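# Structural features, examined
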Amino acid sequence: MRRSDDMDLARRALRGRDLVVFSNDWDGDPLSKVHIMRILSRENRVLWVNSIGNRAPRANAHDAKRILNKLEKFTQGIKEVEPNLFVLSPLAIPFYGSELVRNANRHLLRLQVLRAMKQLKFKKPISWSFLPASAPVSGTLGEEFVVYHCVDEFSAFSDTNGKHIAELEERLLRRADLCITSAERLRENKSKINPRTVLVRHGTDFTHFVKACDAATPIPADIANLPRPIIGFFGLVADWVDQEAIIATARAHPEGSVVIIGKTTPDCDDSKLRAEKNIHMLGRKPYADLPGYSKAFDVALMPFKVSELTLNANPLKVREYLAAGLPVVSTDLPEVRKVGLCKIASNTEDFVRKVDECLAEGPGPKRERADRIFSESWDARVDEIRHHVGAALVADGKDL
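Residues numbered from 1 in each chain as written. Predicted model: local features only at pLDDT ≥ 70, side-chain atom pairs only at ≥ 80, totals over all residues. Heavy atoms only, no water.

Per an unreviewed UniProt entry, the recorded name for the protein is Glycosyltransferase, and the organism is Pyxidicoccus parkwayensis.

See below:
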């Protein structure tokens, strides 16, 4: 196939279609799913179904608040949050417990989604699942095509029932007409069940994060006057984050500051981080403000523990740091190595050593560094996705 034919196939594959998307809650931090669907909603209608969970709720304040929030959103019905992008917050509990409960929940969720599709006059939709928990419903909505878009090894999360998640994922993989993965290790694993599995790595919101290199971008007040060097991290502080590497870095630079931007998950103890005098836990910040915080960083950190979860991960923050023009020190993970623009640390001592190298070689945002990641935009990644969907539709004899 000629390149021009290839591009035409990709353009026609996802244009004027109705997409039913099962994913995380829309109003969370913009993850890969949000970036992808924002682009696809330019030429397609998207019904975004908020998270139906990968784990059973626990008896704590965090989960109670989350349930109340979901109930409130459910009463709002379908909400058009952006042109062509509609959000449904279904009433559903995770698919655990007795078989009776799971069956009842499946029917409840399916009815809610079908009702929303009818309201929006969706026809011959493509269902697009980012979560294994959608398995009991995916393929039962009168879809023309089913996509499983796998961006994590979900069964490896510590707060889930790994066995149940693996069973749900296998069911979804067997039903999917196409599986898209964000990491090579995921592609290798999922292709054992679904041979029509492809790799599309994450992109980056380059135009947003490159603002860190712009002299006109303001630095937020809560970081502007901290002692330098400022060594920064943004993202969830969860059990997969290597706190020892962060603490060792802070102790190696008592004259400077280690800044952590993001919330701590309820099951993660961050008391050791908070005990260090020069570690500043600034909490979650709006996505719009991240370039300003990045502008204040001298070095950015990607300290993940090596595990089955992280070996399958493709951390979005790495490309965001790079788009901000920052030097990056990371744990040795396969997908970070593929990027090729970070310093890779083999252990805690090496992590500290690599941070020192970054400080010596040229700290802070640099436009020439940012430009190296310019080609890895989300638009380019979505073009890859369009091509794979188009090829699969043609192979199945579907009209484009």
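### A closer look at the overall build of the protein
The test is simple: Counting from the N terminus, the helices are the DSSP runs of H or I reaching at least four residues and the strands are the DSSP runs of E reaching at least two. The cut-offs for exposure are 20% and 50% of the maximum accessible area for each residue type, with area from a 1.4 Å probe on protein chains only; residues under the lower value are buried, those over the upper are exposed, and the others partly exposed. Any two residues whose heavy atoms approach within 4.5 Å at even a single point are treated as in contact.
Counting its secondary structure elements, the protein contains 17 helices and 14 strands. Considering the protein as a whole, with its 400 residues, one finds that 55% of them fall into the buried category. Considering only contacts within the protein whose residues lie at least 6 apart along the sequence, 72% involve residues at least 24 apart.

### Focus: the sheet that holds strand β5 (residues 126-129)
Test applied: Following DSSP output, two strands are said to pair if at least two bridges run between them. Fitting a line to C-alpha atoms yields each axis, with helices limited to the stretch in contact; the angle taken between N-to-C directions then spans 0 to 180 degrees.
Strand order in the open sheet formed by eight strands is β3-β4-β2-β1-β5-β6-β7-β8, and the pairing between neighbours is mixed. What marks the edges here is a single partner per strand, and that holds for β3 (79-82) and β8 (197-199). In this sheet, neighbouring strand axes are inclined to one another by 25 degrees on average, regardless of whether the strands run parallel or antiparallel. Strand direction decides the pairing type here: strand β2 (residues 45-49) and strand β4 (residues 85-88), joined by four bridges, are parallel. Each bridged residue has a counterpart across the sheet, and for Val 46 the counterpart in β4 is Leu 85. Sheet strands in contact with helix α2 (residues 32-40) are β1 (18-22), β2, β3, β4, β5 and β6 (145-150), and its direction is about 155 degrees off that of β2. Contacting β5, β6 and β7 (178-181), helix α5 (residues 162-175) crosses the sheet at an angle of about 135 degrees to β6.

### Focus: the pattern of salt bridges
For clarity, the threshold we go by: Each salt bridge in this description consists of a side-chain nitrogen of Lys or Arg and a carboxyl oxygen of Asp or Glu lying within 4 Å of one another.
According to the stated counting rule, one finds 31 salt bridges in the structure shown. Between Asp 222 and Lys 285 there is a salt bridge, with the nearest N and O atoms lying 2.9 Å from each other. Remark: Lys 285 occurs in the loop between β11 (279-283) and α11 (290-296) and Asp 222 occurs in helix α8 (residues 221-224); sequence separation between them is 63 residues. Assessed through its relative accessible area of 30%, Asp 222 is described here as partly exposed. Residue class for Lys 285 comes out buried when judged on its relative accessible area of 19%. It is possible to trace a salt-bridge network through shared partners that takes in Arg 15, Glu 43, Asp 383 and Arg 386.

### Details of the side chain of Ser 129
Let me state the cut-off plainly: Within 3.5 Å is the distance limit for a polar contact, defined as a pair of N or O atoms, with the added protein rule that one can donate a hydrogen and the other accept it, and that residues adjacent in sequence qualify only through two side-chain atoms.
Following the sequence through the fold, Ser 129 ends up in strand β5. With relative accessibility at 0%, the residue Ser 129 sits in the buried group. A polar contact is formed between the side chain of Ser 129 and the side chain of Ser 134, at a distance of 2.8 Å. Those residues in contact with Ser 129 that lie beyond four places of it in its chain are Phe 22, Ser 134, Ser 138, Val 147, Tyr 148, His 149 and Leu 172.

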